[in-house]
Amino acid sequence: MRLVVLAGDGIGPEITAATLAVLRAADARFGLKLDLAELPAGVACLAETGTTIPEATAAAVRAADGLVMGPMDTYAYAGQKGAQYGGGALNPSGFFRRNLDLYGNIRPARTYPGLRSPTGAEFDLVIVRENTEGFYADRNMEQGNAEILVTPEVVVSMRRITRLCCDRIAASAFKLAQRRRRHVTAVHKANVLTKGDGMFLASCRAEAEKHPGVAYDEVIVDAMAAHLVRTPQKYDVIVTTNMFGDILSDLAIELSGSLGLGGSINAGERFCMAQASHGSAPDIAGQDRANPASLVLSAAMLLGWQAEQGGSSANAFAAAAGAIEAAVAQVIQAGDCTADVGGRLGTAAMGQALAARIGAA
Ligand code: NAD
């Protein structure tokens, strides 16, 4: 499996180094034959070359089987700050999600033995977030950006919702629910966004009709924020549009113990990108404090996605994904982890603890 690795900005290089240590340990144990190519992207690249995504990096990603991407400090060059860089100040997340059509952002949030959730409840849920349209102005127009400065005092930000994207994200959620506890909750704002979220709900209801064995309900997004804090254990698979999913997933992951546990993949029909749910955490960058579990779990999900594609190595990829997830739970329970989840280790040492467990098992 040929993987491109982009370390990202802020804490990105630290958590990516830990993730590479884990992937190499998994490769050695399970014989995955990973070909890991580390390439430049992000803020440092922008300063040096005038673009966050050099053409050689984009071409290598297109030719690869998957991508592991560290968090990018997109706000450092967004909008007016980025104007000096012109068209080179691209958001790598948006760029790859859109150009590789990675429509499903799968963000699990679960509690771990030995780590108390702020809610006091034990839970295990997955947020399935549409990733290619919605309120994300950089990816919902054929040309240009969907935020328009009408006058110096007036801005219009447009949200795009299409039947295709609603249908395919709803189908992904029900497919996932069939492998889990068979419950899908659609989160929306159809009381206000009657047409866009009305279309999204129509797609979810059509999938619910096709899956009578999967329980289905709907919750308005503002109430969902409260329900997640109050009773996260009630939910299994939550499907929603782009921005609602972005916000609710940070909430759910923090409720599991730390944003540093937020693994996620961005998956399309033929390509998958592993990417932590959180950002580049400039407040703790360079301090060896960031929890690498987010990107490590993302990489495990990427191996799991590869297993689902079938082929002669599917069992090895599935076993590697399972071993990495088990190792994360073990280091948390043993306290061999970073301070945000109750341990005393730094980022690099937690990566080594994870790699050692995978190699030794
Ligand atoms: P953030 O997610 O980077 O940080 C929020 C809080 O969570 C901070 O206190 C941070 O220290 C903490 N945190 C995040 N990851 C952690 C980890 N692994 N271990 C321990 N603590 C962790 O949000 P922000 O500060 O608003 O954003 C910083 C930058 O990241 C911005 O430029 C933003 O645009 C960008 N961003 C990028 C992505 C991405 O690349 N996918 C996602 C979100 C934000």
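Residues numbered from 1 in each chain as written. Predicted model: local features only at pLDDT ≥ 70, side-chain atom pairs only at ≥ 80, totals over all residues. Heavy atoms only, no water.

### Observations regarding the packing of aromatic side chains
In the structure shown here, the tally under the stated rule is two aromatic pairs. Measuring from ring centre to ring centre gives 6.0 Å for F174 and Y216, while their planes differ by 40°; the resulting arrangement is tilted. With F174 in helix α6 (residues 163-178) and Y216 in strand β9 (residues 215-220), this residue pair connects regions lying 42 residues apart in the sequence. Under the relative-accessibility criterion, F174 is labelled buried at 0%. The ring of Y112 has R110 sitting right over it, with the charged end atom 4.0 Å from the ring centre. Here the basic side chain of R129 rests over the ring of Y136, its NZ or CZ set 5.5 Å away from the ring centre. (Phe/Tyr/Trp six-rings, centres within 6.5 Å; stacked < 30°, edge-to-face > 60°. Helix = DSSP H or I, 4+ residues; strand = E, 2+ residues; numbered from the N terminus. Buried < 20%, exposed > 50% of the residue type's maximum accessible area, 1.4 Å probe, protein only. Lys NZ or Arg CZ within 6 Å of the ring centre and 35° of its normal.)

### Thoughts on the domain arrangement of the protein chain
Taken domain by domain, the protein chain comprises domain 1 (1-110 + 259-361) and domain 2 (116-255). Using only C-alpha atoms to locate each centre, domain 1 and domain 2 end up separated by 23 Å. Residue-level contacts link 20 residues of domain 1 with 26 residues of domain 2. Surface buried jointly by domain 1 and domain 2 totals about 2,000 Å² across both partners, of which 48% is contributed by carbon and sulfur atoms. If you sort the residues of domain 1 by the area they bury against domain 2, R98, Y103 and R107 come out on top, with a joint share of 35%. (Domains from an automatic or database assignment. Contact = heavy atoms within 4.5 Å. Buried area = accessible area lost by both parts, 1.4 Å probe.)

### Quick word on the site of the ligand
Taken together, 21 residues form the shell around the ligand, and within it D73, T74, G279, A281 and D283 come nearest. Between the ligand and H278, the relevant distance is 3.2 Å, taken from a nitrogen atom to a side-chain nitrogen or oxygen of the residue. A distance of 2.8 Å separates an oxygen atom of the ligand from a polar backbone atom of A281. Alone, the ligand offers 810 Å² of accessible surface; in the complex the protein occludes 71% of this. (Near = heavy atom within 4 Å. Polar contact = N/O pair within 3.5 Å; in protein donor to acceptor, adjacent residues only side chain to side chain. Areas by Shrake-Rupley, 256 points an atom, 1.4 Å probe, with all protein chains shown as cover.)

### Here we look at the sheet that holds strand β11 (residues 265-267)
Overall, mixed pairing links the ten strands, which are arranged β2-β1-β3-β12-β11-β4-β5-β10-β8-β9 in an open sheet. Edge strands, defined here as strands with exactly one partner in the open sheet, are β2 (35-38) and β9. Put simply, the sheet's adjacent strands are angled 20° from each other on average, direction ignored. Direction of pairing for strand β4 (residues 104-110) relative to β11: antiparallel, over a ladder of three bridges. In the strand pairing of β11, I106 is matched with I265. Here helix α8 (residues 221-230) sits on the sheet and contacts β5 (124-130), β8 (183-188), β9 and β10 (237-240); the angle it forms with β9, its principal contact strand, is near 110°. (Pairing = 2+ DSSP bridges. Axes fitted to C-alpha atoms, helices over the stretch in contact; angles between N-to-C directions.)

### Considerations on helix α11 (residues 314-334)
Between its first and last C-alpha, α11 extends 30 Å over 21 residues, near the 30 Å set by a 1.5 Å rise per residue. Residues of α11 that are buried: A314, F317, A320, A321, A323, I324, A327, V328, A329, V331 and I332. Of the surrounding elements, those touching the buried residues of α11 are α1 (12-30), α10 (293-308) and α12 (347-360). (Expected span 1.5 Å × (residues − 1).)

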